[in-house]
Amino acid sequence: MKPQNPHWSAYSQAYHIYPLGACGAPFFLDSLDPQNRLNQLYHWIDHLESLKINLVWLGPLFMSTSHGYDTIDYFNLDPRLGSNADLRHLIETLHSRGIRVVFDAVFNHVGRDFWAFRDLRQNLQSSAYRKWFQRLSFSKGNRLGDPFYYQSWKGHRNLVKLKLSEPKVKQHLFEAVKFWIDYFQIDGLRLDAADCINLKFMRQLANTCRKRKPDFWLLAELVGGDYRHWINQGKLNSATNYELYDALHRAHGKENYQLLGDVLQNQFGPQGKYQGLSLYHFVDNHDVTRIASQVKTASQLYPLYLLMYTLPGIPSLYYGSEWGEPGQKRRHSDAELRPAISHPYFWPKAQPDLLKTIAKLAAIRQNSEALQIGHWHLLFQSPEILAYLRYRNHESIVVIVHRGHSTQSLICPVPWEYGILVDLLSEGEQFQVYQGQIKVTLHPNWGRILRLQH
């Protein structure tokens, strides 16, 4: 059987924008009159191109009460951001520049202002939408004063869990997805809180999407579990690789590269459980403290991003983190994670050299099929050094990453007796392979990306 070509997403370099924050929208919905704050995102397009971004995750987008995940209406852009026409024009512009667009699909729960839940609150047991909400019961009230109980997302009563097995609920959500594909021409969805959604619903959603657009991409937000099981059983394309996220953070914090090497071996090595999958990886997002506020020194950001751009999977940047934007997750607020940044070129940059470095790493990955979809093989690991091979067809690349604070020399095993390796990071510096080894000098908090010359 002829092997299938990889899905387009495998070649993607992603960028995540939280529009309500980035565009400076008020925290609460203050008017139904559309205010085109989305137009600020046009300033970002040249910046995205400079980072070789070809996939943008925008979300959440649709009308909500506050942070966007408490949906009111799945068919209309949040008026704090603009109108549906404003959003469609932005997507058309991104598409014209070769950038695909993915929406947040917040289907596990809605806000208390969602139209069907408002009807329930008004008409109680007479509501036509009693079957729309999970574990609804009139045998007791809730702490917000309703004379009924309902299941919420992780105890947050403002996030009402939908009953996704109810046919009319599925019909409503699937009609929204069809509208998003037909009107906005989106390329994929990121499924919020996917670990709370049943697999049957996911399969039906996948079928609905791919009838409209056969190469439609579906990404599941999964914090834990077996990603392959969810992808296969849900007919999905990818999952958020929180396991790798955690290992990357620990490797540059309390732990070291021994742990990271073990995780990578388990995920992508010869017997790796996720071989062949293009998982979605990242070092921060809208829900967690930004990476610049987690590392002890800014110098640790450099090996961290070197890893992100050379490991298997789809690398994703969270807006502003490419220049070291700080942001601390607070107990009762995510505001610092989601700042208003009206223009990326005129925003003060904590780490301008980091931005240049990421642009270089992105360009290297864009021009390497081995880094995009190649196999992964561990070559060397120690507490401060990790070396691995990425290979695909006739291209072979050795990546060496150094988290230490002093210059070190390394004799690294490679799978060739002789040859020349050229460093793509250091102006073509060359290293001779001799009897299956190379000797390299490693600078502090940096590394090598060495391509075998033929």
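In case you missed it, the structure is sitting above this.
The shown structure was predicted, so the numbers you read here are calculated from the model rather than taken from an experiment. (Residues numbered from 1 in each chain as written. Predicted model: local features only at pLDDT ≥ 70, side-chain atom pairs only at ≥ 80, totals over all residues. Heavy atoms only, no water.)

(A) Structural context of the pattern of salt bridges. Summed over the entire model, instances satisfying the criterion amount to 23 salt bridges. Note that D246 and R250 form a salt bridge whose closest N and O atoms lie 3.3 Å from each other. Taken as a pair, D246 and R250 lie in helix α8 (residues 242-251) at a separation of four residues, close to a single helical turn. On the accessibility criterion, D246 (35% relative accessible area) is partly exposed. (Salt bridge = Lys/Arg side-chain N within 4 Å of Asp/Glu carboxyl O. Helix = DSSP H or I, 4+ residues; strand = E, 2+ residues; numbered from the N terminus. Buried < 20%, exposed > 50% of the residue type's maximum accessible area, 1.4 Å probe, protein only.)

(B) Highlighting unusual backbone geometry. Of note, the amide linkage connecting G59 to P60 takes the cis form, showing an omega dihedral of -5 degrees. On the secondary structure map, P60 appears in the loop between β2 (55-58) and α3 (84-96). A positive phi angle, near 55 degrees, is found at R135, a position not held by glycine. Inspection of the secondary structure assignment puts R135 in the loop between α4 (115-123) and β5 (152-153). Of note, the phi angle at K235 is positive, near 60 degrees, even though the residue is not glycine. Summarising the element assignment, K235 is placed in the loop between α7 (227-234) and β9 (238-239). A relative accessible area of 37% places K235 in the partly exposed class.

(C) Just the pairing of strand β14 (residues 395-402), in detail. Burial within β14 is extensive, with eight of its eight residues counted as buried. Residues of β14 alternate between two faces, with E395, I397, V399 and V401 on one and S396, V398, I400 and H402 on the opposite face, all of them buried. Bridge analysis of strand β13 (residues 385-392) against β14 gives eight bridges, and the strand direction is antiparallel. Bridge pairing in β14 places I385 opposite H402. Connecting the antiparallel pair β13 and β14 is a turn made up of two residues, with N393 showing a positive phi of about 50 degrees. Pairing of β14 with strand β19 (residues 446-452), which is carried by six bridges, proceeds in the antiparallel orientation. Looking at β19, one finds that V401 is bridged to G447. (Pairing = 2+ DSSP bridges.)

(D) View of the sheet that holds strand β3 (residues 100-105). On the basis of which strands lie adjacent, the open sheet formed by eight strands has the order β9-β8-β7-β3-β2-β1-β11-β10 and parallel pairing. Each edge of the open sheet carries a strand with a single partner, namely β9 and β10 (280-281). The pairing of strand β1 (residues 14-17) with β2 spans four bridges and is parallel. Looking across to β2, one finds that A14 is bridged to L55.

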